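Chain by chain, the residues run as shown.
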Amino acid sequence: MALAIARKQRRAGVREATRNEILQAAWKLARERGPAALTLRDLANAVDMRAPSLYSYFPSKHAIYDAMFDEGNHRLWHYLQQLPVESDPRERFKAWMRAFVRYCANDLALYQVVFQRSIPGFEPSQKSMEFANQALNWFRGALADAGVHDPAASDMLTAINSGLIAQQTANDPGGDRWIRLCDDALQMFFDYFDHYRGGSHHDPDD
């Protein structure tokens, strides 16, 4: 009985390792050619398989994208959580935003899979969206901690982030020209919601 369990666990471990190999190969191809250009034939060649064999690990091409979406969200989340924590909520949010924009600008394929509709017909699964929604709720909670409670704030901030990332990747790839604007952009964002939309932030020096 114990031997049978050990064999089953070993097979499961080998399967998971192969699945991860496929997933990492998919990321590599997506970074080289763009996520939408990923083909099962190229992916199979990258892991020394025949294309039909991929279906033993992922039921469809969109299932591969779904695994990438889920992994991308987890990668970004863990990256942000490892940053030093500022005591002031707004300075903390600025640090998170700088790191977010830098991470996405430096890994455009991940940004496209997780945050843009760059793959025709792909919709994340309900299971993958559970973690994405948790991260979104955390983001909104961090905004509330910084004194911004307006429901429109998260929409405006995602638009600011998207603009900075788009400009950075299009006009200064590998640099930081627009990343350096993050603090100023976020300060203008805070000022707008403080003075025009009824934010609740109070400067301790006032």
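Up top you'll find the structure we're talking about.
Residues numbered from 1 in each chain as written. Predicted model: local features only at pLDDT ≥ 70, side-chain atom pairs only at ≥ 80, totals over all residues. Heavy atoms only, no water.

### A look at the overall build of the protein chain
Stage number 1. Scanning the protein chain from terminus to terminus reveals eight helices and zero strands.
Stage number 2. The N-to-C order of helical and strand elements in the protein chain reads α-α-α-α-α-α-α-α.
Stage number 3. Looking at the protein chain as a whole, 38% of its 206 residues are labelled buried.
Stage number 4. In the protein chain, the proportion of contacts linking residues at least 24 apart, taken out of those at least 6 apart, comes to 71%.
Stage number 5. Of the accessible surface of the protein chain, which amounts to about 12,200 Å², a share of 51% is contributed by carbon and sulfur atoms. (Helix = DSSP H or I, 4+ residues; strand = E, 2+ residues; numbered from the N terminus. Buried < 20%, exposed > 50% of the residue type's maximum accessible area, 1.4 Å probe, protein only. Contact = heavy atoms within 4.5 Å. Areas by Shrake-Rupley, 256 points an atom, 1.4 Å probe, with all protein chains shown as cover.)

### What about helix H3 (residues 61-81)?
Stage number 1. Taking 1.5 Å per residue as the helical rise, H3 with its 21 residues ought to reach 30 Å, and the 31 Å between its terminal C-alpha atoms agrees with that figure.
Stage number 2. Three or more residues of H3 are buried, namely Ala 63, Ile 64, Tyr 65, Asp 66, Ala 67, Met 68, Phe 69, Glu 71, Gly 72, Asn 73, Leu 76 and Leu 80. (Expected span 1.5 Å × (residues − 1).)

### Regarding the pattern of salt bridges
Stage number 1. All told, the structure shown has nine salt bridges when counted by the stated rule.
Stage number 2. One salt bridge connects Arg 31 with Asp 107, and the closest N-O pair in it is separated by 2.9 Å. In this pair, Arg 31 sits in helix H1 (residues 2-33) while Asp 107 sits in the loop between helix H4 (89-106) and helix H5 (108-115), placing the two residues 76 residues apart along the sequence.
Stage number 3. You can call Arg 31 partly exposed: its relative accessible area is 40%.
Stage number 4. Arg 117 is paired through a salt bridge with Glu 123; the nearest N and O atoms lie 2.7 Å apart. (Salt bridge = Lys/Arg side-chain N within 4 Å of Asp/Glu carboxyl O.)

### Here's the deal with the packing of H3 against H5
Stage number 1. In the contact formed by H3 and H5, the axes pass within 9 Å of each other and the chain directions differ by 110 degrees. One way to sum up the angle between H3 and H5 is to call them roughly perpendicular. For the pair H3 and H5, the crossing hand works out as left-handed. Counting all contacts with H3, which are made through Tyr 65, Met 68, Phe 69, Gly 72, Asn 73, Arg 75 and Leu 76, the residues of H5 involved are Leu 110, Val 113, Val 114 and Phe 115.
Stage number 2. Across the contact of H3 with H5, the residue classes tally to eight nonpolar, two polar and one charged. (Axes fitted to C-alpha atoms, helices over the stretch in contact; angles between N-to-C directions. Parallel < 35°, antiparallel > 145°, perpendicular 65-115°, else oblique. Left-handed = near helix turned anticlockwise from the far one by under 90°. Nonpolar A, V, L, I, M, F, W, Y, C, P; charged D, E, K, R; others polar.)

### Remarks on the environment of Glu 91
Stage number 1. Within the element layout of this structure, Glu 91 appears in helix H4.
Stage number 2. Glu 91 gets classed as partly exposed once you look at its relative accessible area, which sits at 36%.
Stage number 3. In sequence terms Glu 91 and Asp 183 are 92 residues apart; their C-alpha atoms lie 8.9 Å from each other.

### Regarding the packing of aromatic side chains
Stage number 1. Counting across every chain of the model gives 14 aromatic pairs.
Stage number 2. Each residue in the set Trp 77, Phe 93, Trp 96, Phe 131, Trp 138, Phe 139, Phe 189, Phe 190, Tyr 192, Phe 193 and Tyr 196 is aromatic and connected to the rest through ring pairs, giving one cluster.
Stage number 3. Across the ring face of Phe 190, the terminal group of Arg 90 is positioned such that the distance to the ring centre comes to 4.2 Å. (Phe/Tyr/Trp six-rings, centres within 6.5 Å; stacked < 30°, edge-to-face > 60°. Lys NZ or Arg CZ within 6 Å of the ring centre and 35° of its normal.)

### Observations regarding the side chain of Arg 90
Stage number 1. Within the secondary structure, Arg 90 sits in helix H4.
Stage number 2. Look at Arg 90 and you get buried, because its relative accessible area is 6%.
Stage number 3. At 2.8 Å, the side chain of Arg 90 forms a polar contact with the side chain of Asp 194. (Polar contact = N/O pair within 3.5 Å; in protein donor to acceptor, adjacent residues only side chain to side chain.)

### A word on the nonpolar core
Stage number 1. The biggest cluster of nonpolar side chains holds 56 residues, and the ones touching the most others in it are Leu 43, Met 68, Phe 93 and Phe 189.
Stage number 2. Among the secondary structure elements, those contributing two or more residues to this core are H1, helix H2 (40-46), H3, H4, H5, helix H6 (126-145), helix H7 (153-171) and helix H8 (182-195).
Stage number 3. Leaving out residues up to four positions away in the same chain, Leu 43 has contacts with Ile 22, Ala 25, Ala 26, Leu 29, Leu 38, Leu 54 and Ile 64. (Core = buried A, V, L, I, M, F, W, Y, C linked by side-chain atoms within 4.5 Å.)

### Focus: H7
Stage number 1. Over its 19 residues, H7 runs 27 Å from end to end, which matches the ideal 27 Å to within 8%, given 1.5 Å per residue.
Stage number 2. The complete set of buried residues in H7 reads Ala 153, Ser 154, Leu 157, Asn 161, Leu 164, Ile 165 and Gln 168. Mapping the buried residues of H7 onto a view down its axis gives an arc of 95 degrees, with all of them on the same face. Across from the buried face of H7, at angles greater than 90 degrees, the exposed residues are Asp 155 and Ala 170. (Arc of directions from axis to C-beta.)

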